Amino acid sequence: MQNYNLTHLQQLESEAIFILRETAAQFERPGLLFSGGKDSIVMAHLAYKAFHPSKIPFPFVHVDTGHNFPETIQFRDKFIKNLGVQLVVGSVQDSIDQGTAVEEKGLNASRNALQSVTLLETIDNESLDACLGGGRRDEEKARAKERFFSHRDSFGQWDPKNQRPELWNLFNGRKSPGENFRVFPLSNWTEMDVWQYTKLEGIELPNLYFSHKREVFQRNGSLLAVTDFTIPQENEEVSVRNVRFRTIGDATCTGAVESDAASLDDVISEVAASRITERGARADDRRSEAAMEDRKKQGYF
């Protein structure tokens with residue numbers, strides 16, 4: 001029964017904690033997909049609250065493209081150590097080296113799509129039967145089609161037309177051998193909810209989310225950071241600008257936004273005024289009209 005005395009953030013927290021506990025109860029070996037981004041950090045914080053004073057009863061799983069921002073990996077390792085959980089790292093480079101994934105070539109090459117292969121291999125290697133993800137329905141239209149408990153067949157594929165009903169908070173985790181689930185406790189959250197909850201709970205985030213000076217260049221409508229693997233061409237002018245990132249995934253396809261938002265309050269004000277979704281700067285989502293849905297059908301988060 002819904003408690004109307006709770007604030008909307010408390011309602012969302014209660015719902016997410018319920019789903020986290022339900023996942024631990026229904027599945028033998030779930031894992032929490034942890035990228036070091038704000039959504040997975042909030043989900044980890046909720047998992048801590050859901051099971052405290054006991055330890056979080058599942059490992060954290062990071063699918064590492066090898067093209068992460070160094071700040072993300074540093075934050076990830078510090079966060080995992082402080083939380084005291086097991087970290088399982090699936091390496092896209094390992095998938096490439098063993099021939100199960102083929103690296104893209106060319107100027108706009110990205111390893112982002114290859115994460116599907118590495119994730120499915122990690123699920124198999126670790127015998128995971130459910131993966132908790134930080135996806136939210138407001139992010140992208142394909143993610144808006146997801147249930148809380150999202151079924152995947154024995155090939156790791158998702159069929160958006162064949163999902164189970166979820167009435168009265170009843171979640172069906174039944175599966176046949178080889179099948180698994182993605183579970184999305186933050187489905188009903190918005191980007192603003194995440195930021196407001198982060199402020200309310202005093203959650204630490206990587207400094208990439210806040211304004212800082214960085215060398216960047218324009219490519220295909222995205223403002224990319226100069227890194228060892230995003231190298232500007234002769235015709236791409238590099239400049240130093242005040243930027244921040246709304247998402248902090250693979251650096252080859254994660255665009256920055258010009259911003260002076262250096263604090264949580266500044267970011268919240270900026271997000272409130274924005275008319276572009278946080279994935280609007282993601283080059284991988286612009287590859288086709290159904291880019292995200294196609295990747296999800298292949299096993300993506």
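Structure report, in brief.

## Let's talk about the sheet that holds strand β3 (residues 87-91)
The strand order across the open sheet formed by 6 strands is β3-β2-β1-β4-β6-β5, and the pairing between neighbours is mixed. Looking at strand neighbours, the two that pair on one side only are β3 and β5 (149-152), the edges of this open sheet. Between one strand axis and the next, the sheet turns by 30 degrees as a mean value, whatever way the strands run. Inspection of the sheet shows strand β2 (residues 60-64) paired to β3 by 5 bridges, in the parallel sense. Looking at β3, one finds that V63 is bridged to G90. Contacts from helix α3 (residues 70-83) reach β2 and β3, with the element oriented near 165 degrees to β2.

## Structural notes on unusual backbone geometry
Of note, the amide linkage connecting H52 to P53 takes the cis form, showing an omega dihedral of 10 degrees. Secondary-structure assignment places P53 in the loop between α2 (38-51) and β2. Although it is not a glycine, S127 adopts a positive phi angle of roughly 55 degrees. With respect to the helices and strands, the residue S127 is situated in the loop between α5 (115-126) and β4 (130-132).

## As for the nonpolar core
By size, the foremost hydrophobic cluster in this structure holds 55 residues, and its most contacted members are L46, F60 and W189. Elements represented by at least two residues in this core include exactly α1 (8-26), α2, α3, β4, β6 (180-183), α6 (191-201), β8 (222-225) and α7 (264-273). Top contributing element to this core by residue count: α2, with 8 residues. Other than its neighbours up to four places away in sequence, W189 contacts L12, E13, A16, V42, L46, R136, D138, V194 and Y197.

## Notes on the pattern of salt bridges
For side chains bearing opposite charge, pairing can occur when the charged atoms are close. Applying the stated rule across the entire model yields 16 salt bridges. Across the pair E191 and R246 runs a salt bridge whose closest N-O atoms are separated by 2.7 Å. In this pair, E191 is assigned in helix α6 and R246 in the loop between β9 (239-244) and β10 (257-258), connecting sequence segments 55 residues apart. Look at E191 and you get buried, because its relative accessible area is 6%. Ionic pairing is found between E270 and R244, a salt bridge with its closest N-O pair at 2.7 Å. You can see E270 sitting in helix α7 and its partner R244 sitting in strand β9, a full 26 residues away along the chain.

## So, a nonpolar patch on the surface
Among the surface-exposed residues, L167, W168 and L170 lie close enough to one another that they form a single nonpolar patch of about 410 Å² accessible area. Here L167 lies in the loop between β5 and β6.

## Some details on the side chain of S150
Its place among the elements puts S150 in strand β5. Polar contacts involving the side chain of S150 include one to the side chain of E146, which spans 2.4 Å. Beyond its immediate stretch of four places on either side in the chain, S150 contacts W158, Q163, N180, F181, R182 and F184.

## Focus: the packing of aromatic side chains
In this structure the tally under the stated criterion is 14 aromatic pairs. Taking the centre distance of 5.9 Å and the plane angle of 20 degrees together, the rings of F75 and F79 count as stacked. On the criterion of helical spacing, the pair formed by F75 and F79 is a turn pair, its members being 4 residues apart in helix α3. Here a set of aromatic residues connected by ring pairs shows up, and it is made of F18, F27, F148, F149, F171 and F181.

## Focus: the packing of α2 against α3
Contact geometry for α2 and α3: axes closest at 12 Å, N-to-C directions at 5 degrees. With respect to α3, the element α2 is oriented roughly parallel. For the pair formed by α2 and α3, the contact residues are I41, A44 and Y48 on the first element and F75, F79 and L83 on the second.

Calculation rules
- Residues numbered from 1 in each chain as written.
- Predicted model: local features only at pLDDT ≥ 70, side-chain atom pairs only at ≥ 80, totals over all residues.
- Heavy atoms only, no water.
- Pairing = 2+ DSSP bridges.
- Helix = DSSP H or I, 4+ residues; strand = E, 2+ residues; numbered from the N terminus.
- Axes fitted to C-alpha atoms, helices over the stretch in contact; angles between N-to-C directions.
- Contact = heavy atoms within 4.5 Å.
- Core = buried A, V, L, I, M, F, W, Y, C linked by side-chain atoms within 4.5 Å.
- Buried < 20%, exposed > 50% of the residue type's maximum accessible area, 1.4 Å probe, protein only.
- Salt bridge = Lys/Arg side-chain N within 4 Å of Asp/Glu carboxyl O.
- Patch = residues over 30% accessible without salt bridge, like charges linked within 9 Å, V, L, I, M, F, W, Y side chains within 5 Å.
- Areas by Shrake-Rupley, 256 points an atom, 1.4 Å probe, with all protein chains shown as cover.
- Polar contact = N/O pair within 3.5 Å; in protein donor to acceptor, adjacent residues only side chain to side chain.
- Phe/Tyr/Trp six-rings, centres within 6.5 Å; stacked < 30°, edge-to-face > 60°.
- Parallel < 35°, antiparallel > 145°, perpendicular 65-115°, else oblique.

All quantities given are derived from atomic positions and should not be read as evidence of function.
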